[in-house]
There are 2 protein chains.
Amino acid sequence: MQDVAEKAGVSKSTVSQYLNGRFEYMSAETKKRIQTAIEALGYRPNQVAKSLKQKRTSTIGLIVANILHRFSTLVCRAVEDTCHEQDYHAIICNADDNPEKERKYIDMLRAKQVDGILVIPTQDNTDLYEKLIQNGYPLVFLDRKVAGLSVPSVTLNNREIARMAAQHLIQQGHEKISLMTPPLGVSSRNERQAGFCQSLRDHGLSTRYVVSVELDQIRQRLDHMLQTDPPTALVTGNDRVLMEALPYLKEKGISIPETLALISFDEMELAPLMDPPITTIEQPAMEMGRRATEILLRQIRGQQADIPLQTVFDATLCIRQSSRFKRGNLL
Amino acid sequence: MQDVAEKAGVSKSTVSQYLNGRFEYMSAETKKRIQTAIEALGYRPNQVAKSLKQKRTSTIGLIVANILHRFSTLVCRAVEDTCHEQDYHAIICNADDNPEKERKYIDMLRAKQVDGILVIPTQDNTDLYEKLIQNGYPLVFLDRKVAGLSVPSVTLNNREIARMAAQHLIQQGHEKISLMTPPLGVSSRNERQAGFCQSLRDHGLSTRYVVSVELDQIRQRLDHMLQTDPPTALVTGNDRVLMEALPYLKEKGISIPETLALISFDEMELAPLMDPPITTIEQPAMEMGRRATEILLRQIRGQQADIPLQTVFDATLCIRQSSRFKRGNLL
DNA sequence: GTGAAAGCGCTAACAA
DNA sequence: TTGTTAGCGCTTTCAC
């Protein structure tokens, strides 16, 4: 920068003005000279120095559970797009639902002075989140809330959509309905399970098929269930569960939906193309990612006024003829 | 840091030593005092300042075409994992195969002083890449090469795998074989097409079904082709093409593989579960992402010695009974 | 073993 | 309109 200044015959501060577009008090003459000098020297401003001085990095951190989940992939894309539009960048981290890893990432992101953090939170770092809030650190939760914390969060109408899924199956005559989710503890899964069970109980049905299982246990749990006390309908809690269940069901030659009706949370691109097509509960992941980013950026800019504490999106039950009484013209 | 130093009764530089683990010449006494002071004050080092001083940010840039492509998703995860292991971070950018956007991203990343860039390159920023190389800027290409540039690149055996796919179909008796790829211009697609055509010609077959089409034209192109001069086999060039073709084929009631045998590049999670299962060409995306990151980090650390210019991975043809003469026991 | 001092590249009062 | 100056928070010789 000094070099540019000398070459243009002005001072560093004038160059700085130029770079920051403060041309108001600058003669066209100087402007041109600086311009020329910059090009001649191939000068490139150093954003790190700028960040140090200004105490903002134009970077946010995004912590997802695992980018390989379709939901997270969509979120990442939406967040990145939104950041790009506003000249921000996103550092993406996979915490794998591991509180330790999440904590480490948050520490690293803070050390890097990111302007804010967007996170699909685990539920075991409440103290850490609390400290962030106390420090006035911009923070937004996505997909999940954390009990007792007032952090702006963007979530889904989990209870209602789970209830709708259950009702859909009940209306079709199912009475033994299973919901398989990954281990509980995170709000979205808890809510889904609660809504689902509520609906079952409202109809006097048993909730004994509602289970939470680690991914690697899905197959054996399914196996056990189908051997001993088979449900007639299954709702998988996310795309990973589906990807475990489906190969198993196929192997065993269990026909869908005749033997087992199937509904899955999360968009799976090929789901509608399968035979039979799988009914899915689609989440507006990209809209959620975008909105969450907008809220975070607002927080960063101190526009405290228009920051909603809760933003709830609606999931959609995409019925695709996958439940047993829907074949033919019974509908 | 000053505060910590005062509280511990030492100087800033001693604190710095402490933070960087240079305990060799430090009394256990001072060490403990600094430790206590840090905790008491809740001091957190500022990585931006450190970066400014040291001229490295422990951050790399990753530019993919579109993270929504399965290949890119896998790459992102692998890159992030590898970075995390080495205390690096990745800023992820979607250039959408748009040279302008790519250029803008590269500029921004450089301004942010990222230590290196990993990119799935478009083919129209050769001058920019050249400048980076001249400046000794660590750069690695993934999935594609750029003509005339000697940049370490991690690619696939595109020619061979395309040839294998063609041969597989030919062996099954197909003579009218189509390859549909997105527009050419990027090395991987070019190579695939070249290998494919080569194989067709070697067997005296026509290459008139080998086409490059924009994604939004796929359906109509397929429609046209199937109406006028239908091939008996189709190879889709990536997951996006497949996702265009499949709904169309399903709509039209074209039976796979009886009427049209189908092979697709790129892993699609549900492909093996479809009925009939789709034969795919699987790329070791995560291994490629990991290797590319390792090469980039080596470059960053100046270990010029062990940087291979070309790293070629093998794709695998996963045959899944999707081609017509394979039903029953003809195989 | 520890401290003083210079400086990384930039911005932002305030002066001129 | 432009220049001077004082840092931002850290590392790193080199003295002591």
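These figures come from a predicted structure and were not determined experimentally.

Basis of the calculations
Residues numbered from 1 in each chain as written. Chains lettered and ligands numbered in written order. Predicted model: local features only at pLDDT ≥ 70, side-chain atom pairs only at ≥ 80, totals over all residues. Heavy atoms only, no water. Pairing = 2+ DSSP bridges. Helix = DSSP H or I, 4+ residues; strand = E, 2+ residues; numbered from the N terminus. Axes fitted to C-alpha atoms, helices over the stretch in contact; angles between N-to-C directions. Contact = heavy atoms within 4.5 Å. Least-squares fit on C-alpha atoms with pLDDT ≥ 70 in both. Buried area = accessible area lost by both parts, 1.4 Å probe. Salt bridge = Lys/Arg side-chain N within 4 Å of Asp/Glu carboxyl O. Polar contact = N/O pair within 3.5 Å; in protein donor to acceptor, adjacent residues only side chain to side chain. Nonpolar A, V, L, I, M, F, W, Y, C, P; charged D, E, K, R; others polar. Left-handed = near helix turned anticlockwise from the far one by under 90°. Buried < 20%, exposed > 50% of the residue type's maximum accessible area, 1.4 Å probe, protein only. Parallel < 35°, antiparallel > 145°, perpendicular 65-115°, else oblique. UniProt positions renumbered as here; feature names shortened; annotations may be inferred. Core = buried A, V, L, I, M, F, W, Y, C linked by side-chain atoms within 4.5 Å. Phe/Tyr/Trp six-rings, centres within 6.5 Å; stacked < 30°, edge-to-face > 60°. Lys NZ or Arg CZ within 6 Å of the ring centre and 35° of its normal.

A. View of the sheet that holds strand E9 (residues 261-265) of chain B. All names here are of chain B. Here 6 strands make up an open sheet; going across it, the order is E7-E6-E8-E9-E10-E12 and the pairing mixed. Two strands bound the open sheet, and with one partner strand each, they are strand E7 (210-212) and strand E12 (316-318). Along the sheet, successive strands turn relative to each other by an average axial angle of 15°, direction set aside. Running over the sheet, helix H10 (residues 218-228) touches strand E6 (177-181), E7 and strand E8 (233-236) and is turned about 165° from E6.

B. Expanded view of the relation of the copies chain B and chain A. For the pair chain B and chain A, the best superposition has an RMSD of 0.1 Å and corresponds to a rotation of 180° with a translation of 0.0 Å parallel to the axis. Between the two chains, the operation in question is that of a two-fold axis. Residue Ile91(B), judged by its C-alpha, is the member of chain B lying nearest the rotation axis, at 2.3 Å. Both copies contact each other with a shared surface, as 100% of the interface residues of chain B are interface residues in chain A too.

C. The arrangement of the interface of chain B and chain A in detail. Every contact between the two is made by 52 residues of chain B and, on the other side, 52 residues of chain A. Taking both sides of the interface into account, the surface hidden between chain B and chain A amounts to around 5000 Å²; carbon and sulfur atoms contribute 60%. For the pair chain B and chain A, the interface holds 6 salt bridges. One salt bridge connects Arg77(B) with Asp96(A), and the closest N-O pair in it is separated by 2.8 Å. For the interface between chain B and chain A, the tally reads 16 residue pairs in polar contact (both at pLDDT 80 or more). Elements represented by at least two residues in the side of chain B that touches chain A include exactly helix H4 (47-54), helix H5 (70-85), strand E2 (89-94), helix H6 (99-111) and helix H11 (239-251) of chain B. When its residues are assigned to classes, the side of chain B that touches chain A shows 26 nonpolar, 12 polar and 14 charged.

D. Highlighting the packing of helix H8 (residues 158-171) of chain A against helix H9 (residues 187-202) of chain A. Residue and element names in this part refer to chain A. One way to put it is that H8 packs onto H9 with a least axis distance of 7 Å and a crossing angle of 40°. In the packing of H8 onto H9, the handedness of the crossing is right-handed. Here Asn158, Arg159, Ala162, Arg163, Ala166, Gln167 and Ile170 of H8 come into contact with H9, specifically with Ser188, Glu191, Arg192, Ala194, Gly195, Phe196, Gln198, Ser199 and Leu200. Class assignment of the residues belonging to the contact of H8 with H9 gives a composition of 6 nonpolar, 6 polar and 4 charged.

E. Fine view of the pairing of strand E6 (residues 177-181) of chain A. Residue and element names in this part refer to chain A. Within E6, 5 of the 5 residues are buried, which leaves it mostly tucked inside the rest of the structure. The alternating pattern of E6 places Ile177, Leu179 and Thr181 and Ser178 and Met180 on opposite faces, both of which are buried. Judged from the 4 bridges that link them, E6 and strand E8 (residues 233-236) form a sheet pairing that is parallel. Among the inter-strand pairings, Met180 is bridged to a residue of E8, identified as Thr236. As paired strands, E6 and strand E7 (residues 210-212) are joined by 3 bridges and run parallel to one another. From the neighbouring strand, Leu179 faces E7, where its bridge partner is Val210.

F. Region of the structure containing the packing of helix H5 (residues 70-85) of chain A against helix H12 (residues 285-300) of chain A. All names here are of chain A. It is at 7 Å that the axes of H5 and H12 come closest, and there the two elements cross at 40°. Overall, the two elements H5 and H12 adopt an arrangement that is oblique. In this structure, the crossing between H5 and H12 has a hand that is right-handed. Of the residues in H12, those in contact with Phe71, Leu74, Val75, Arg77, Ala78, Val79, Asp81, Thr82, Cys83 and Glu85 of H5 are Ala285, Met286, Met288, Gly289, Arg290, Thr293 and Glu294. Classifying every residue of the contact of H5 with H12 by side-chain character gives 9 nonpolar, 3 polar and 5 charged.

G. Spotlight on the UniProt feature "domain: HTH cro/C1-type" (unreviewed entry) in chain A. According to UniProt, the feature "domain: HTH cro/C1-type" (unreviewed entry) maps to residues 1-22 of chain A in the numbering used here. Each end of residues 1-22 of chain A is marked by a C-alpha atom, and these two atoms are 16 Å apart; helix forms 68% of the span and strand 0%.

H. Region of interest: the nonpolar core. Within the largest apolar cluster, 98 residues are counted, with the highest numbers of intra-cluster contacts made by Phe196(A) and Phe196(B). Ignoring any residue separated from it by four or fewer positions in sequence, one finds Phe196(B) in contact with Ala162(B), Arg163(B), Ala166(B), Ile177(B), Ser178(B), Leu179(B), Val210(B) and Val235(B). Listed in part, the 52 residues of the second largest apolar core include Ile218(A), Leu249(A), Met268(A) and Met180(B).

I. Just the UniProt feature "domain: HTH lacI-type" (unreviewed entry) in chain A, in detail. The feature "domain: HTH lacI-type" (unreviewed entry), as given by UniProt, occupies residues 1-54 of chain A in the numbering adopted here. Taken as a whole, residues 1-54 of chain A contains 69% helix and 0% strand, while its terminal C-alpha atoms sit 17 Å from one another.

J. Local environment of the packing of aromatic side chains. The final tally for this structure, using the stated rule, is 4 aromatic pairs over all chains. Between Tyr129(B) and Phe141(B), the aromatic rings sit 5.0 Å apart at their centres with planes inclined by 70°, giving edge-to-face as the arrangement. Here Tyr129(B) is found in helix H7 (residues 126-134), whereas its partner Phe141(B) is found in strand E4 (residues 139-142), with 12 residues between them in sequence. What makes Tyr129(B) buried here is its relative accessible area of 0%. What makes Phe141(B) buried here is its relative accessible area of 1%. Here the basic side chain of Arg110(A) rests over the ring of Tyr137(A), its NZ or CZ set 5.8 Å away from the ring centre. Across the ring face of Phe23(B), the terminal group of Lys31(B) is positioned such that the distance to the ring centre comes to 4.3 Å.

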